[in-house]
Amino acid sequence: MTTPLKIDIGRLQGEIDSLALISENPPPVVTRVLFSEADLAARARVKDLCREAGLALREDAVGNIFAHWEGTRRAAPAIATGSHIDAIPNAGKYDGVVGVLGAIEAIRALRRIGFQPGRAIELIVFTAEEPTRFGIGCLGSRMMAGALAREKIASLRDSDGRDLEFWRRQAALGGDLDSVRLRDGAFGGFVELHIEQGPMLERENLAIGIVEKIAGPSSLRLRLTGVGGHAGAVLMPERHDALLAGAEIALAVEKAALSSGSPDTVGTTGVLRIEPGAVNSVPCRALLEIDLRDTNPVTRDAALAQIEAAAERTCHQRGIGLELERVNVDAPALCDPGLVELISRVCQDLEVSSRKLISRAYHDTLFMARMCPVTMIFIPCRGGVSHRPDEYAGPEQIQKGVLVLAETLRRLAE
Ligand SMILES: [Zn+2]
């Protein structure tokens, strides 16, 4: 009979609450854009907690943090866990954070019972899971998997035109970006704890979701250039209105997603910015950012092609200039059946209710899946709400998630 693990949820909740105060906006709003002052301060706090937990720290050239607990079998690849602490503007305090601070508490719980890992355990805090600064998500894990070309990295710009090199200097990060790429076999497995960001677990009153599949995300950026002019003076037949072309394209996104043939295709035009943005002026420029995802890459890619063709047709008909950029087109990920079964068994043994499910949001696990066997542990969040200040997961729910993570790490690292 192995010693049961105990999670100190009081301490963990305190750490979650106090990290939430490190934000670019007053509470309860959490905003931590990549390498902002708040993001850097939050990273420093997490590094302190890792050191206190006796972990050895390493940071790579793009700021991914690795906190290492050495195992007795040094030749065996480490078991990894982790998530992110960056947050989109106006977000809440649990997305990503539960998987980082929860993993630190899981490691402390293992230490408290005197556990000594055979395989090393490594906590990873990924850089820029959220696409806040450069419009591309999972920057850190994407680079770890070698899934971002050098030219693409060099072309990244934020809304003020600053590149990654500028922000690396701000964050005091040096080193060759090529070195971020991990060698194959660097990890023996990766398990990420995360809030569900969907309503299923709460609806079914279940404590844990075990992720079998992660939908593949893609996104497009379209710059439309029309002809502006006075809203009174330019007559209708003479117009090349960038907004109207953008609006037609947004409707084409909806149509492509609805008619793809897969129930999992979802398409969203989340950004439509026009210039000059005055009531008496014909919009001369429009910027659209489109997100399209699916668990099936075939139907997703067909819908993507349909949207691109519609954009070209619309702009041609309306005499609008079009610059179309595929920001990312990522494959869906299949989780490792062995890891999914292991966590199922852990839940049974701990008498915690669970089910298997699909993650429709993407996570760093999507890219870790290219390097090692992966899965995710989901816990319910109130109303399925996320990316909002009222995002909430109860202490009991967090405690169960961290317990399942800790027990999983014990079995994997033994
Ligand atoms: Zn997240």
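Keep in mind it's a predicted model, so treat the numbers as computed, not measured. (Residues numbered from 1 in each chain as written. Predicted model: local features only at pLDDT ≥ 70, side-chain atom pairs only at ≥ 80, totals over all residues. Heavy atoms only, no water.)

Enquirer: Could you clarify how one ought to interpret the overall build of the protein chain in this entry?
Expert: Of regular secondary structure, the protein chain possesses 12 helices and 17 strands. Expected size for 414 residues packed as a compact globule is a radius of gyration near 22 Å; at 23 Å, the protein chain falls within 12% of this value. In terms of overall dimensions, the protein chain has a C-alpha envelope of 80 × 45 × 40 Å along the principal axes. Burial analysis of the protein chain (414 residues in total) assigns 54% to the buried set. In the protein chain, of all internal contacts separated by at least 6 residues, the share reaching a separation of at least 24 is 79%. Accessible area for the protein chain stands at about 17500 Å²; split by element, carbon and sulfur atoms hold 51% of it. (Helix = DSSP H or I, 4+ residues; strand = E, 2+ residues; numbered from the N terminus. Rg over C-alpha atoms; globule rule 2.2 N^0.38 Å. Buried < 20%, exposed > 50% of the residue type's maximum accessible area, 1.4 Å probe, protein only. Contact = heavy atoms within 4.5 Å. Areas by Shrake-Rupley, 256 points an atom, 1.4 Å probe, with all protein chains shown as cover.)

Enquirer: Mind showing me how you'd approach the side chain of Arg-43 here?
Expert: Take Arg-43: it is sitting in helix α2 (residues 37–52). If sequence neighbours within four positions are ignored, Arg-43 has contacts with Leu-34, Phe-35, Glu-59, Gly-63, Ile-65, Ile-85 and Thr-127.

Enquirer: So what exactly am I meant to see when it comes to the sheet that holds strand β9 (residues 216–225) here?
Expert: To summarise the sheet geometry, strands pair through backbone hydrogen bonds and adopt either a parallel or an antiparallel arrangement. With antiparallel pairing, the four strands of this open sheet are ordered in space as β11-β13-β9-β14. Only two strands of the sheet have a single neighbouring strand rather than two, namely β11 (266–275) and β14 (321–329). Across the sheet, the mean angle from the axis of one strand to that of its neighbour is 15 degrees, orientation sign disregarded. As paired strands, β9 and strand β13 (residues 285–294) are joined by 10 bridges and run antiparallel to one another. Counterpart to Leu-220 in the pairing with β13 is Ile-290. Relative to β11, helix α8 (residues 242–258) is tilted by about 175 degrees, and along the sheet it contacts β9, β11 and β13. (Pairing = 2+ DSSP bridges. Axes fitted to C-alpha atoms, helices over the stretch in contact; angles between N-to-C directions.)

Enquirer: Is there a simple way to think about empty space enclosed by the protein in this case?
Expert: Gaps left between atoms show up when a probe the size of a water molecule is rolled over them. Summed over all chains, the structure comprises two cavities of 30 Å³ or more. Its boundaries defined by the atoms lining it, the largest cavity holds a volume of some 50 Å³. Residue assignment for the lining of the largest cavity shows that the elements contributing at least two residues are α2 and β6 (121–126). Forming the walls of the second largest cavity are Leu-34, Ala-128, Glu-130, Pro-131, Thr-132, Arg-133, Phe-134, Gly-135, Ile-136 and Leu-139. In terms of residue class, the lining of the second largest cavity is built from six nonpolar, two polar and two charged. (1 Å grid on protein atoms, 1.4 Å probe; cavity = no way out; pocket = protein on both sides within 12 Å on 5 of 7 lines; lining within 4 Å. Points joined across faces, edges and corners; volume = space filled by probe spheres on them. Nonpolar A, V, L, I, M, F, W, Y, C, P; charged D, E, K, R; others polar.)

Enquirer: For this particular structure, what's the right way to read the coordination of the zinc ion?
Expert: For a metal with four tetrahedral donors the ideal donor-metal-donor angle is 109.5 degrees, while six octahedral donors give ideal angles of 90 or 180 degrees. For the zinc ion, the full set of protein donor atoms is His-84 (NE2), Asp-95 (OD) and His-194 (NE2), at a range of 2.0 to 2.2 Å. Of note, the zinc ion draws all its donor residues from one chain, in the sequence arrangement H-x10-D-x98-H. Of this pair, His-84 sits in strand β4 (residues 78–84) while His-194 is found in strand β7 (residues 187–195), placing the two residues 110 residues apart along the sequence. For His-194, a relative accessible area of 0% translates into the label buried. (Donors = N, O, S within 2.8 Å, 3.2 Å for Na, K, Ca; no water.)

Enquirer: How do you make sense of the packing of aromatic side chains when you look at a structure like this?
Expert: How two aromatic rings sit relative to each other is given by the distance of their centres and the angle of their planes. Applying the stated rule across the entire model yields four aromatic pairs. The ring of Trp-69 has Arg-111 sitting right over it, with the charged end atom 4.4 Å from the ring centre. (Phe/Tyr/Trp six-rings, centres within 6.5 Å; stacked < 30°, edge-to-face > 60°. Lys NZ or Arg CZ within 6 Å of the ring centre and 35° of its normal.)

Enquirer: Would you mind going over the nonpolar core with me for this structure?
Expert: Generally speaking, soluble globular proteins have nonpolar side chains that are buried together. Core analysis: the largest hydrophobic core is formed by 107 residues, its most contacted members being Leu-139 and Phe-187. The element best represented in this core is helix α3 (residues 97–112), accounting for 10 residues. Aside from chain neighbours lying at most four places away, what touches Leu-139 is Leu-34, Val-62, Thr-127, Ala-128, Phe-134, Leu-148, Leu-156 and Leu-164. In this structure, Leu-224, Ile-290, Leu-304 and Ile-320 belong to the second largest nonpolar core, which totals 18 residues. (Core = buried A, V, L, I, M, F, W, Y, C linked by side-chain atoms within 4.5 Å.)

Enquirer: Just checking my understanding: could you explain the pairing of strand β8 (residues 208–214) for this structure?
Expert: Along any regular strand the residues' side chains alternate between the sheet's two faces. Here β8 lies mainly inside the structure; five of its seven residues are buried. Pairing of β8 with strand β17 (residues 374–379), which is carried by two bridges, proceeds in the antiparallel orientation. By the bridge assignment for β17, Gly-209 is matched with Phe-378. Where β8 and strand β15 (residues 333–334) come together, two bridges link them in antiparallel fashion. Residue Ile-214 lies in a different strand from β15, and its bridge partner there is Ala-333.

Enquirer: What is the right way to read the environment of Leu-405 from this model?
Expert: With respect to the element layout, Leu-405 can be found in helix α12 (residues 395–413). Note on Leu-405: relative accessible area 0%, which makes it buried. Sequence separation between Leu-405 and Glu-105 is 300 residues; the distance between their C-alpha atoms is 9.9 Å.

Enquirer: Just to check I follow, could you spell out α8 for this structure?
Expert: Since the α-helix advances by 3.6 residues per turn, residues separated by three or four positions end up pointing in the same direction. When the terminal C-alpha atoms of α8 are compared, their 25 Å separation across 17 residues agrees well with the 24 Å that a helix rising 1.5 Å per residue should span. The set of residues buried in α8 consists of Ala-242, Ala-245, Gly-246, Ile-249, Ala-252, Val-253, Ala-256 and Ala-257. Taken end-on, α8 shows its buried residues confined to a sector of 125 degrees, consistent with a single buried face. Across from the buried face of α8, at angles greater than 90 degrees, the exposed residues are Leu-251, Lys-255 and Leu-258. Residues of α8 that are buried in the fold lie against β9, β11, β13 and α9 (297–318). Capping of α8 at its N-terminal end is provided by Asp-241; its side-chain oxygen lies 2.8 Å from the backbone amide nitrogen of Leu-243. (Expected span 1.5 Å × (residues − 1). Arc of directions from axis to C-beta. Polar contact = N/O pair within 3.5 Å; in protein donor to acceptor, adjacent residues only side chain to side chain.)

Enquirer: Can you help me understand the pattern of salt bridges in this one?
Expert: Once the charged atoms of two side chains with opposite charge are near each other, the side chains can pair. By the definition in use, this model includes 31 salt bridges. In this structure, the salt-bridge partner of Arg-11 is Glu-52, at a minimum N-O distance of 3.6 Å. One end of the pair, Arg-11, is in helix α1 (residues 9–20); the other, Glu-52, is in helix α2, and 41 residues separate them in sequence. For Arg-11, a relative accessible area of 33% gives the class partly exposed. For Glu-341, the salt bridge goes to Lys-356, with nearest N and O atoms at 2.8 Å. You can see Glu-341 sitting in helix α10 (residues 337–349) and its partner Lys-356 sitting in strand β16 (residues 354–359), a full 15 residues away along the chain. Relative accessible area serves as the criterion here: at 38%, Glu-341 is assigned to the partly exposed category. Within the structure, one salt-bridge network assembled from shared partners comprises Arg-11, Glu-15, Glu-52, Glu-105, Arg-108 and Arg-112. (Salt bridge = Lys/Arg side-chain N within 4 Å of Asp/Glu carboxyl O.)

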